[in-house]
Every structure is written in C-alpha cells, then in structure tokens.
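Letter by letter, the chains look like this.
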Amino acid sequence: MEQKAKKNNTFAEVGKVLEEAKKILIFTHVQIDGDCLGSATALCRMLRNEGKEAWILMDEEVPGYLSFLETDYCLIHPKENHKELLEGADLCFAVDCSDPGRFETLRDLFLQGPKTLCVDHHSTNVGFADVNYVGRDCAAAAEVVYKLIRSMDKTIDPVMATAIYTGMVTDTGQFQYSATTAETHRIAADLMECGADFLKVSIEVYQSHTMARVLLKGRILSELELFADGKAAMAYVSQALLAELGATMDEVEGVVEELRGIKGVEYAVFLKEINEDTVRVSLRSKEFADVSAIGKQFGGGGHVRASGCTFKGTLGEARTQLKKAVEEQWKALSTC
Ligand code: 5GP
Ligand code: MN
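First things first, this report covers the structure right here in the doc. (Residues numbered from 1 in each chain as written. Chains lettered and ligands numbered in written order. Predicted model: local features only at pLDDT ≥ 70, side-chain atom pairs only at ≥ 80, totals over all residues. Heavy atoms only, no water.)

### A short note on the pairing of strand S2 (residues 53–58)
Right, so step 1: In terms of residue burial, S2 counts as a mostly covered element, since five of its six residues are buried.
Right, so step 2: In this structure, strand S1 (residues 23–27) lies alongside S2, joined through five bridges in parallel fashion. In the strand pairing of S2, Lys23 is matched with Glu53.
Right, so step 3: With helix H2 (residues 34–49) bridging S1 and the parallel S2, this β-α-β connection has right-handed handedness.
Right, so step 4: Sheet analysis places S2 next to strand S3 (residues 74–76), joined by three bridges and oriented parallel. Its bridge partner being in S3, Met58 is matched across the sheet by Ile76. (Buried < 20%, exposed > 50% of the residue type's maximum accessible area, 1.4 Å probe, protein only. Helix = DSSP H or I, 4+ residues; strand = E, 2+ residues; numbered from the N terminus. Pairing = 2+ DSSP bridges. Right-handed = clockwise from strand over helix to strand, strands pointing away.)

What follows is the structure in structure tokens.
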C-alpha cells in the first residue's frame, strides 16, 4: 500500500532543530549531483559559521565536475575512514533525498541517528525523518535550502551563494525544466547579489568536459533506440564501453537530457550498467508523461518529469523491462 505523506514541519521547527544541534551529520543521495552537494555544502558552511561541528557523509568520491564546491566538508567512505568523527552526533540531516534507500550503504547510519531531519523537494517523499520539510513546489532542494536559510535569518556569503546556485542551475537544467518558476529566478537573482560566482559554475559544470567524456557520449548516442511510435528514446552505457574508452561513470552526466532533446520524443530512458546485476536507470519526460510512476514500478521514484530507480538484473533485462513499462504507459495515454 502506498504510504501517505506526513504534513510538513514549519521552517521555524526545522530551524529550531538545527539551532539546538551541536554535531550534525549531513546525508546526501548516492550518485551525487549538483543539487544535493550544493545544498549540503551551503548548509554545512552555515552550521560551521555558527560554531557547530558539521560534516557531509558520502560513500563515493565527489564527481570531478563538482570538485570546485567545498569538498573539505565531506567525509568520504565514513564508515571505514572516519569512525571517530561519527561519534557523538546529535542530528542526522538528509538533504535532497526522497527516501532512506537513496543513502544506500549509509541508510542504517542515518536511521540510527538520535534525531533525524529531512529537507527535500521530491513529490514522492512521504516524510521519513522525525522532522521534515518537503518543498514539493521547489525546482531544486537548493531552493528549499535558500528559503530555510533566509527564514533563519542567516547570512548567505558568496561561497554559500555559489553552492546554492549550483544546485538550482543543475536541477533545473539551466532553468529550462518545467519545475522552474518566477520564484526560482528571483532566488537566482538574489544569489547573484549575494556574490554567487555563476560564471565559475557554468565553466566547471558545463564547459570542462574531458575528451573521454565527449567520445563516450558520441558512442552511446550512436546506438540510441527509438520506440513507442518514436515517442521514447533509450540509450545505455556498459562497463565494457567505459573500459574500452578509459572513461568513468560520472562522465555520462547529461546523456539523458540529450535523448529528451530529440524532436518528438516524450520519454527518455538512460541505463547505466553498474555491475552484472545492477543497472541505474534515469527517466525523463518532456511535456505530459509521468515518469515518476515508471520509476516507482521498479522501486524508485522522483518527479513527474525526472525520476530514477535501481534495477536489479542485467543490462539486457533492464532494456527489455523499461521498454515494456514505457510502452505500456504510452499505450494507455495514447488510447485514452
Ligand atoms: P537521475 O536520473 O538524475 O539519477 O534522477 C532523476 C530524479 O529522480 C532525481 O530527482 C532523483 O532524486 C530521483 N531518483 C533517481 N533515482 C531514484 C531512486 O532510486 N529512488 C528515488 N526515490 N528517486 C530517485
Ligand atoms: Mn534535487
């Protein structure tokens, strides 16, 4: 049965929890992106400016295109390398995570926290922490973080402004996706006035691609498939292709947007082979399809126009099953 979403706590209640905590562990989701890391670094900096001990926990490396953010705050592979720093924390704080499954290996650590807090923007988030604020109308978690920091009356310095701006620009596809609002632009304008280095974000995130990445993208796109009457595009990356080109998985960022960019395509599906029985799936839609429903069918979720899931099975099985799920939804939509 589907769980009913809990009512949001207020920003005042979230602020109080943060004011009371002394040692805070911030959790992001796996497959770190600009929104979760931008949001987390801005919050971590705000908390440290208040004299608190705050860390961002992650069980993976920071992707190269985000290494200009304040990565000194990050404890990479915390369970193995930083046991002593995990002790005595009084708050576990999730940012941009729709459910505890998004922490993967750090799930239990989060849930064992003496108190848990979640600030997010995913519509599928039912409120899994003790205290929750889910800004479902916000284009990025960073937008919620901005509003929270403003409500707490804390200063947004240029480093924080750049981090929040990074979250907003990446999660809105450079202000192109349908979740972008007038408020999103007002916040971006305020961040520029706070000293956000927007040119640095553009260059680091969008204009610093490795040659391997460009070649990899070319190879992936050369094999894309159209189906569902040309309304859906699917592509995939295998471990064998990465090995052949000497590329890494974080270099495929943006491929799913290329698929959605094809004229007439409503659904974009991109599959990443993590290992022989795990495939990460990214789903996007353009104007009307609900891809969060497809993500949910495979244990994932997200937003109506952008969702994802982790598929347990081979790349071949993922291709077949995702294709079937998209075709079924398209058939239902096109016949009603
Ligand atoms: P992406 O394709 O960029 O990995 O994810 C697109 C959106 O779907 C993001 O907002 C992300 O948070 C959400 N998402 C991706 N994978 C999962 C998943 O496994 N579970 C849930 N609940 N959401 C996901
Ligand atoms: Mn986000």
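There is more to say, and it comes next.
### What about empty space enclosed by the protein?
Right, so step 1: Considering all chains together, one arrives at one cavity of 30 Å³ or more under this definition.
Right, so step 2: In this structure, the largest cavity occupies an estimated 60 Å³ of space.
Right, so step 3: Around the largest cavity, the lining residues are Thr28, His29, Val30, Ile32, Leu57, Met58, Asp59, Glu60, Phe103 and Leu106.
Right, so step 4: Of the residues belonging to the lining of the largest cavity, the class tally is six nonpolar, two polar and two charged. (1 Å grid on protein atoms, 1.4 Å probe; cavity = no way out; pocket = protein on both sides within 12 Å on 5 of 7 lines; lining within 4 Å. Points joined across faces, edges and corners; volume = space filled by probe spheres on them. Nonpolar A, V, L, I, M, F, W, Y, C, P; charged D, E, K, R; others polar.)

### What about the packing of aromatic side chains?
Right, so step 1: Taken as a whole and judged by the stated rule, the model has nine aromatic pairs.
Right, so step 2: Relative to Phe110, the ring of Phe27 lies with its centre 5.2 Å away and its plane at 80°, an arrangement referred to as edge-to-face. With a gap of 83 residues between them, Phe27 in strand S1 and Phe110 in helix H5 (residues 107–111) connect regions that are remote in the sequence. Here the two residues Phe27 and Phe110 agree in accessibility, since each one is buried.
Right, so step 3: Ring centres of Phe110 and Phe128 lie 5.8 Å apart, and the angle between their planes is 65°; this geometry places the pair in the edge-to-face category. Of this pair, Phe110 sits in helix H5 while Phe128 sits in the loop between strand S5 (116–120) and strand S6 (131–134); the two residues are 18 residues apart in sequence, bridging distant segments of the chain.
Right, so step 4: Following the ring pairs from residue to residue traces out a cluster consisting of Phe27, Phe103, Phe110 and Phe128.
Right, so step 5: Over the face of the ring belonging to Trp55 we find Arg48, whose NZ or CZ atom lies 4.6 Å from the ring centre. (Phe/Tyr/Trp six-rings, centres within 6.5 Å; stacked < 30°, edge-to-face > 60°. Lys NZ or Arg CZ within 6 Å of the ring centre and 35° of its normal.)

### Points about the nonpolar core
One broad rule of soluble globular proteins: the nonpolar side chains tend to lie buried together.
Right, so step 1: Counting 58 residues, the largest nonpolar core has Leu18, Ile26, Leu43, Phe93, Ile156, Ile164 and Leu191 as the members making the most contacts within it.
Right, so step 2: Of all the elements, H2 adds the most residues to this core, at eight residues.
Right, so step 3: Excluding residues within four positions of it along the chain, Leu18 makes contact with Met46, Leu47, Lys52, Leu91, Phe93, Leu117, Leu148 and Met152.
Right, so step 4: Counting residues in each nonpolar core, the second largest holds 23 residues, with Val279, Val281, Ala318 and Ala325 among its members. (Core = buried A, V, L, I, M, F, W, Y, C linked by side-chain atoms within 4.5 Å. Contact = heavy atoms within 4.5 Å.)

### What about the coordination of the manganese ion (ligand 2)?
Right, so step 1: On the protein side, the manganese ion (ligand 2) has Asp35 (OD), Asp96 (OD), His121 (NE2) and Asp171 (OD) as donor atoms, found 2.1 to 2.5 Å from it.
Right, so step 2: Residue Asp35 is classed as buried on the basis of its relative accessible area of 0%. (Donors = N, O, S within 2.8 Å, 3.2 Å for Na, K, Ca; no water.)

### A short note on the sheet that holds S3
Right, so step 1: Strands sit in the order S3-S2-S1-S4-S5-S6 across an open sheet of six strands; the sheet is parallel. Looking along the sheet, the strands with just one partner apiece sit at the ends: S3 and S6. Across this sheet, the average inter-strand angle for adjacent strands is 20°, counted without regard to direction.
Right, so step 2: Sitting on the sheet, H2 touches S1, S2, S3 and strand S4 (91–95), and the angle it makes with S2 is about 160°.
Right, so step 3: In the packing of helix H6 (residues 141–151) onto the sheet, the strands contacted are S4, S5 and S6, and the crossing angle to S5 comes to about 115°. (Axes fitted to C-alpha atoms, helices over the stretch in contact; angles between N-to-C directions.)

Any link to function would need more than the numbers given here.
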